[in-house]
Amino acid sequence: VRSMKSLTEELGQTKCNFIRCIKPNPQMRPNIFNRSYVVDQLRCLGILATCEVLKPTRVTYKELRTALANLPPATLDLFSGQPEEVLIAASMWAFEVPADAYQLGRTRVFFKAGEISRVESMLKTDLSGPAGDGINERMKLALERRQKALEAVQGVEALMAQAQPGVDTASQLLEDVEDTLRQMNRDFATSSDVLAKAITASNKDEKDRNEMNAALDKLRNDPKLSILDDVETVIQTASEALGSSTEVGEEIKVNDLPGLRQKYTSLRDSARELVQDTRATFGDINRSMERVKVLHREASDGAKRCLLDYTLERTISAEAECGGLIALVSEISDGGAASEKAQNMNQQNDHFRETSTQSSEKVHELVTKSVSFLAQTSEQLKGIRAEMRKAESKAAADKAAELAALGMPAPPQAVNASSGGGGSYSGGGAG
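Residues numbered from 1 in each chain as written. Predicted model: local features only at pLDDT ≥ 70, side-chain atom pairs only at ≥ 80, totals over all residues. Heavy atoms only, no water.

S.K.: Now, about the layout of surface pockets: what can you tell me, with residues and values included?
M.R.: If you roll a probe as big as a water molecule over the atoms, it shows you where there is empty space left. Estimated volume of the largest pocket: approximately 220 Å³. Around the largest pocket sit Ser270, Glu273, Leu274, Asp277, Thr278, Thr281, Glu331, Ile332, Ala337, Ala338, Lys341 and Met345, which together line it. Within the residue set of the lining of the largest pocket, elements represented by two or more residues are helix H10 (257-304), helix H11 (308-334) and helix H12 (337-405). Considering each element in turn, the lining of the largest pocket owes the most residues, six residues, to H10. In this structure, the second largest pocket encloses a volume near 170 Å³. Around the second largest pocket, the lining residues are Ile199, Ser202, Asn203, Glu206, Arg209, Gly249, Ile252, Lys253, Asp256, Leu257, Pro258 and Val363. Within the residue set of the lining of the second largest pocket, elements represented by two or more residues are helix H8 (130-220), helix H9 (231-255) and H10. Per element, the largest residue contribution to the lining of the second largest pocket is five residues, and it comes from H8. Within the lining of the second largest pocket, the residues separate by chemical class into five nonpolar, three polar and four charged. (1 Å grid on protein atoms, 1.4 Å probe; cavity = no way out; pocket = protein on both sides within 12 Å on 5 of 7 lines; lining within 4 Å. Points joined across faces, edges and corners; volume = space filled by probe spheres on them. Helix = DSSP H or I, 4+ residues; strand = E, 2+ residues; numbered from the N terminus. Nonpolar A, V, L, I, M, F, W, Y, C, P; charged D, E, K, R; others polar.)

S.K.: Mind laying out the nonpolar core, listing which residues take part and the relevant values?
M.R.: Counting residues in each nonpolar core, the largest one holds 35 residues, and the members touching the most others are Ile285 and Leu325. Elements with a contribution of two residues or more to this core: H8, H9, H10, H11 and H12. Looking at this core, the element that brings in the most residues is H8, giving twelve residues. Contact partners of isoleucine 285, with chain neighbours within four places excluded, come to Val167, Ala170, Leu325, Leu328, Val329 and Ile332. The next biggest cluster of nonpolar side chains, apart from the first, holds 29 residues, and it includes Leu64, Ala89, Ala142 and Leu307. (Core = buried A, V, L, I, M, F, W, Y, C linked by side-chain atoms within 4.5 Å. Buried < 20%, exposed > 50% of the residue type's maximum accessible area, 1.4 Å probe, protein only. Contact = heavy atoms within 4.5 Å.)

S.K.: So what about the sheet that holds strand E3 (residues 108-111)? Which residues, and what values?
M.R.: For sheets, the rule is that strands pair by backbone hydrogen bonds, running either parallel or antiparallel. Strand order in the open sheet formed by three strands is E1-E3-E2, and the pairing between neighbours is antiparallel. Edge strands, defined here as strands with exactly one partner in the open sheet, are strand E1 (57-60) and strand E2 (102-104). Adjacent strand axes in the sheet meet at a mean angle of 20° when their direction is disregarded. Where E1 lies against E3, four bridges are found, and the strand directions are antiparallel. Bridge pairing in E3 places arginine 58 opposite phenylalanine 110. In the packing of helix H6 (residues 84-94) onto the sheet, the strands contacted are E2 and E3, and the crossing angle to E2 comes to about 165°. (Pairing = 2+ DSSP bridges. Axes fitted to C-alpha atoms, helices over the stretch in contact; angles between N-to-C directions.)

S.K.: Tell me about the confidence of the model for the chain, and name the residues and values.
M.R.: Mean pLDDT over the chain works out to 82, with 90% of the residues at or above the 70 mark. Counting interchain partners and residues more than four positions distant, the pLDDT-below-50 stretch residues 414-431 has 29 contacts. (pLDDT = per-residue confidence, 0-100.)

S.K.: Got a sec to walk through the pattern of salt bridges? Specific residues and values, please.
M.R.: The final tally for this structure, using the stated rule, is 19 salt bridges. With a shortest N-O distance of 3.0 Å, arginine 353 and aspartate 187 are connected by a salt bridge. Note that arginine 353 is positioned in helix H12 and aspartate 187 in helix H8, a separation of 166 residues in sequence. Taking relative accessible area as the criterion, aspartate 187 reaches 10% and is therefore assigned buried. Of the charged contacts, one joins lysine 382 and glutamate 379 as a salt bridge, the two residues approaching to 3.9 Å between their closest N and O atoms. In this pair, lysine 382 and glutamate 379 both sit in helix H12, three residues apart, roughly one turn of the helix. Counted as one network, the salt bridges with shared partners bring together Asp187, Asp350 and Arg353. (Salt bridge = Lys/Arg side-chain N within 4 Å of Asp/Glu carboxyl O.)

S.K.: For the packing of aromatic side chains, give the residues involved together with the corresponding values.
M.R.: Summed over the entire model, instances satisfying the criterion amount to three aromatic pairs. Summarising the aromatic geometry, the rings of tyrosine 102 and phenylalanine 111 are spaced 6.3 Å apart at their centres and angled 45° between planes, so their arrangement reads as tilted. For phenylalanine 111, a relative accessible area of 1% puts it in the buried group. Where phenylalanine 188 meets tyrosine 264, the ring centres are 5.3 Å apart and the plane angle is 85°; that geometry is what we call edge-to-face. Highlighted residues: phenylalanine 188 in helix H8 and tyrosine 264 in helix H10, separated in sequence by 76 residues. Relative accessible area serves as the criterion here: at 1%, tyrosine 264 is assigned to the buried category. Put simply, the rings of Phe188, Tyr264 and Phe352 touch in pairs and so form one group of aromatic residues. When the ring centre of tyrosine 102 is taken as origin, the NZ or CZ atom of arginine 305, which lies over that ring, is 5.0 Å away. (Phe/Tyr/Trp six-rings, centres within 6.5 Å; stacked < 30°, edge-to-face > 60°. Lys NZ or Arg CZ within 6 Å of the ring centre and 35° of its normal.)

Below, the structure written as structure tokens:
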């Protein structure tokens with residue numbers, strides 16, 4: 001029961017449609033279309049007759065003017081000099097033809113299917129009799145109503161003309177803001193690449209300096225260092241070169257390339273937000289303008305057909321929409337906030353682009369200088385290790401000679417040292 005009820009409700013929400021299946025050919029083969037065979041089926045199914053019944057009724061303006069020829073000359077004079085459609089539209093309103101039952105063309109009136117009786121009634125009405133008096137008065141009233149409706153439409157057109165320059169300005173502003181973002185994206189990509197290379201170089205320099213510091217500390221704490229003469233002077237020389245590199249490293253940090261890149265990224269993100277906001281506002285403006293155009297189009301159509309109430313309803317809505325449109329335009333263009341932001345971002349973009357280039361070049365210069373100091377430190381550490389190995393070898397050889405003089409065998413290490421073998425110090429750090 002529940003399933004049946006659910007099915008009934010679902011079917012109740014659907015709209016019935018009837019599908020006629022037409023065979024393209026008697027052989028039932030694909031890609032073969034037999035015109036006469038198809039037409040016979042359509043005729044037998046009554047489709048052609050149905051289309052003929054549903055075809056709109058067309059009446060020329062000339063036929064309707066003939067039917068209105070019996071109106072008083074004074075009434076017809078009111079329409080002299082007017083486009084032919086004015087008289088026809090007034091007659092439609094005078095004969096109380098529903099607005100949705102017909103449409104005015106360039107040379108004829110198109111009536112919906114089933115409205116043929118109204119056409120026949122209009123053509124058969126005797127306007128010379130009492131019925132004509134009422135039609136005559138309504139024709140005059142229709143012309144007055146049409147004039148009032150057209151004035152209302154002109155008011156909307158004036159508002160649209162007032163709003164259009166602002167819409168054009170907003171469009172230009174959006175284009176300028178998007179140009180700003182496109183230029184910033186190009187500059188940001190270039191500057192990011194430059195900054196990334198400089199940051200990589202400075203990070204490597206800092207890493208090498210830390211390794212050199214570790215190597216110097218290890219060497220300074222090596223007990224074998226004491227065998228060298230004037231140890232402090234030797235270490236001090238290496239420390240001074242490394243200290244110079246450290247000072248350069250501090251100068252590199254002052255440039256704060258990561259911070260500069262982060263600020264540049266924030267500026268680009270702000271530009272993106274500005275473009276999104278401007279696009280959103282301009283989208284609202286475009287949609288509002290489209291609604292105004294639709295209402296204006298409907299009001300103009302109503303005015304042409306002497307539909308004063310319908311026209312006034314559309315013009316009031318259009319005027320209200322125009323008010324909102326003008327407010328939106330003022331928000332995006334007259335206030336100048338978006339324009340000022342775009343100009344400010346252009347200036348900041350120029351600043352960051354130049355600063356990124358200059359700072360990166362400066363960092364590369366400093367890194368080159370630091371690398372030079374680190375190279376000096378490395379050479380000095382190598383020299384210290386070489387001197388340590390020589391001193392260690394000499395001490396071992398002296399010890400071996402002393403033991404030999406006493407008739408005692410020398411230790412293996414002393415033998416290796418006296419024979420020119422490598423020392424046991426492995427060193428550490430860079431270099």
